[in-house]
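Okay, here's what each chain looks like letter by letter:
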Amino acid sequence: MLSVVVPVFNEEDTLRELHGRLSAALPPVEAWEVVLVDDGSIDGSWELMRELAAVDVRLRLVRLSRNFGHQAAITAGLEASRGEAVVVIDADLQDPPELIPELVSRWRDGYDVVYAVRSERAGENRIRLMSISFFYKVLRRIAGNDIPANAGDFRLVSRRVVDALGTMPERARFLRGMTSWVGFRQTGVEYRRDPRYAGSSKYPPRKLLRLALDGIVSFSTVPIKLVAWLGFAIVAFCLVVLGWTLYTRFFTHSAPQGWTSLLVVVLLLGGVQLLSLGIIGQYVARIFDEVKERPLYLVAEQVETPRVELPADESAFHAAP
Ligand code: UDP
Ligand code: MG
């Protein structure tokens, strides 16, 4: 069986169309279910989801107790899914459901992770696209080359990858990095990313930046090493300047002077120190987040079709109501 996991946050305008396109695209796959995860929507999404589930038994619904964010919503969907393979797809139809049969056929060829690579993105802001591509460059540079660029969360993962993700309890979730970390056989399929079907992006720059930081900080300690190297370079530089100063003071008649240069050096050092503390603080804050070991999300409500049963296993960070 195939599960399709869809995180939903205030998508009342797209849900009907999404359901229609999924129902049209999935028949080549014999058995499937769709797990819709309502990530604390405040519009009519939940009511609409219930309405759809009342007429379509292949829909299963999970409602989180508040907005936990895209990555947490996907995690909730993965945990609730029961298929041998699971496809994660956005609710806004930027990722075409029509690609799913192709992902499935690659999985049947023996791949555990089939990610969809956006060869083209229509209808998105230039600055946003440029920042995203810059982010991927940095990430691949410092976290090793195995995180595919331009692959979002639209992907198929096999059951054993879902299980592996379930054993990774980190709160700073960057699922595209995590699925590439687990290994197994991975491959990509290219597609053209459409503009959003309706509504506006639920990823304001603030959330996007947060995701980018999660990606970098949880996949590499390079920034913290850079801080150490920077400190080392500054100390070396200062030792040279100190030597030169002492030399001119004691062995020549002209003592070095310059209030301005002194001030610049002091300010520069102060800045470097604050910046370094900030970088280290990023890691410390994340350690703090992780050691609290709070659940990744809380489920407020679940809607299942009467005929099917809940999965028996309850993993450690799945908090059922
Ligand atoms: N989403 C979510 N929780 C959030 C933000 C977004 O579940 O806090 C969902 C949203 O409903 C959509 C997907 O995540 O299905 C991707 O969001 P969006 O399309 O707004 O992001 P963009 O494509 O603009 O980066
Ligand atoms: Mg989108």
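Residues numbered from 1 in each chain as written. Chains lettered and ligands numbered in written order. Predicted model: local features only at pLDDT ≥ 70, side-chain atom pairs only at ≥ 80, totals over all residues. Heavy atoms only, no water.

### With respect to the confidence of the model for the chain
So, step 1. On average, residues of the chain carry a pLDDT of 83, and 92% of them reach 70 or more.
So, step 2. Averaged pLDDT values for the elements of the chain fall to 79 in helix H5 (residues 126–143) and rise to 94 in strand E4 (residues 85–88). (pLDDT = per-residue confidence, 0-100. Helix = DSSP H or I, 4+ residues; strand = E, 2+ residues; numbered from the N terminus.)

### Re the coordination of the magnesium ion (ligand 2)
So, step 1. Protein-derived ligands of the magnesium ion (ligand 2) are Asp-92 (OD) and Gln-94 (OE1), with the metal-ligand distances lying across 1.8 to 1.9 Å. Gln-94 matches Asp-92 in its accessibility class, with the two residues each being buried. (Donors = N, O, S within 2.8 Å, 3.2 Å for Na, K, Ca; no water. Buried < 20%, exposed > 50% of the residue type's maximum accessible area, 1.4 Å probe, protein only.)

### Quick notes on the pattern of salt bridges
So, step 1. What the rule picks out here adds up to 15 salt bridges.
So, step 2. Of the charged contacts in the structure, one is a salt bridge between Asp-112 and Arg-160, with a shortest N-O distance of 2.8 Å. Pair noted here: Asp-112 is in the loop between helix H4 (100–108) and strand E5 (113–121) and Arg-160 is in helix H6 (residues 159–166), with a separation of 48 residues, a long-range link.
So, step 3. Take Asp-112: its relative accessible area is 5%, and that puts it in the buried class.
So, step 4. Asp-153 serves as the salt-bridge partner of Arg-176, at 2.9 Å between the closest nitrogen and oxygen. (Salt bridge = Lys/Arg side-chain N within 4 Å of Asp/Glu carboxyl O.)

### Topic: the nonpolar core
In globular proteins that are soluble, nonpolar side chains generally tend to be buried together.
So, step 1. Residues Leu-2, Val-4, Val-6, Leu-36, Ile-100 and Phe-154 are the most contacted members of the largest nonpolar core, which totals 35 residues.
So, step 2. Broken down by element, the residue count for this core peaks at 5 residues, all from helix H2 (residues 45–55).
So, step 3. With sequence-adjacent residues up to four places away left out, Ile-100 is seen in contact with Leu-2, Val-4, Leu-22, Leu-26, Val-87, Ile-89 and Phe-154.
So, step 4. The next biggest cluster of nonpolar side chains, apart from the first, holds 30 residues, and it includes Phe-68, Leu-78, Val-161 and Ala-164. (Core = buried A, V, L, I, M, F, W, Y, C linked by side-chain atoms within 4.5 Å. Contact = heavy atoms within 4.5 Å.)

### Observations regarding the site of ligand 1
So, step 1. The full set close to ligand 1 counts 19 residues, and Asp-39, Asp-92, Gln-94, Ser-201 and Lys-202 are the nearest of them.
So, step 2. A distance of 2.9 Å separates an oxygen atom of ligand 1 from a polar atom in the backbone of Pro-7.
So, step 3. Within the contact set of ligand 1, an oxygen atom lies 2.9 Å away from a backbone nitrogen or oxygen of Phe-9.
So, step 4. Within the complex, 96% of the 530 Å² of free accessible area of ligand 1 lies under protein.
So, step 5. For the shell around ligand 1, the residue count by class is 5 nonpolar, 5 polar and 9 charged. (Near = heavy atom within 4 Å. Polar contact = N/O pair within 3.5 Å; in protein donor to acceptor, adjacent residues only side chain to side chain. Areas by Shrake-Rupley, 256 points an atom, 1.4 Å probe, with all protein chains shown as cover. Nonpolar A, V, L, I, M, F, W, Y, C, P; charged D, E, K, R; others polar.)

### Concerning the sheet that holds E4
Think of a sheet as strands paired side by side through backbone hydrogen bonds, with each pair either parallel or antiparallel.
So, step 1. Spatial ordering of the open sheet is given by E7-E5-E6-E4-E1-E2-E3-E8, a layout of 8 strands whose pairing is mixed. Each end of this open sheet is capped by a strand with a single partner; those strands are strand E7 (186–193) and strand E8 (299–303). In this sheet, adjacent strand axes meet at a mean angle of 20 degrees when their direction is disregarded.
So, step 2. Two strands pair when backbone bridges link them, and strand E1 (residues 2–8) and strand E2 (residues 32–38) are joined in this way by 7 bridges, in the parallel orientation. (Pairing = 2+ DSSP bridges. Axes fitted to C-alpha atoms, helices over the stretch in contact; angles between N-to-C directions.)

### Considerations on the packing of aromatic side chains
So, step 1. Scanning all chains against the criterion turns up 5 aromatic pairs.
So, step 2. In this structure an aromatic cluster arises from ring pairing among Phe-135, Tyr-136 and Phe-174.
So, step 3. A cation sits over an aromatic face here: Arg-66 above Phe-68, 3.9 Å from the ring centre.
So, step 4. The ring of Phe-250 is capped by Arg-249, whose NZ or CZ atom sits 5.6 Å from the centre of that ring. (Phe/Tyr/Trp six-rings, centres within 6.5 Å; stacked < 30°, edge-to-face > 60°. Lys NZ or Arg CZ within 6 Å of the ring centre and 35° of its normal.)

### A few points about the side chain of Ser-41
So, step 1. Following the sequence through the fold, Ser-41 ends up in the loop between E2 and H2.
So, step 2. Setting aside residues no more than four positions away along its own chain, Ser-41 makes contact with Val-8, Phe-9 and Asn-10.

### Digging into empty space enclosed by the protein
So, step 1. Inspection of every chain in the model, using the stated rule, returns 2 cavities of 30 Å³ or more.
So, step 2. Of the voids in this model, the largest cavity is the one considered here, and its volume is about 70 Å³.
So, step 3. At 3 residues, the largest contribution of residues to the lining of the largest cavity is made by strand E6 (residues 151–158).
So, step 4. For the lining of the largest cavity, the class distribution of residues is 6 nonpolar, 1 polar and 2 charged.
So, step 5. The calculated volume of the second largest cavity comes to roughly 40 Å³.
So, step 6. Lining the second largest cavity are Leu-15, Leu-18, His-19, Leu-22, Val-34, Leu-36, Leu-52 and Leu-59.
So, step 7. Looking at the lining of the second largest cavity, the elements that each hand over two or more residues are helix H1 (15–25) and E2.
So, step 8. Here the element with the most residues in the lining of the second largest cavity is H1; it accounts for 4 residues.
So, step 9. Looking at the lining of the second largest cavity, its residues break down into 7 nonpolar, 1 polar and no charged. (1 Å grid on protein atoms, 1.4 Å probe; cavity = no way out; pocket = protein on both sides within 12 Å on 5 of 7 lines; lining within 4 Å. Points joined across faces, edges and corners; volume = space filled by probe spheres on them.)

### What to know about the environment of Ile-234
So, step 1. Looking at where Ile-234 falls in the secondary structure, it is placed in helix H9 (residues 222–251).
So, step 2. With a relative accessible area of 19%, Ile-234 lands in the buried category.
So, step 3. A sequence separation of 38 residues divides Ile-234 from Val-272, and the C-alpha atoms of the two residues are 9.5 Å apart.
So, step 4. Residues contacting Ile-234, with those up to four places away along its chain left out, are Leu-269 and Val-272.

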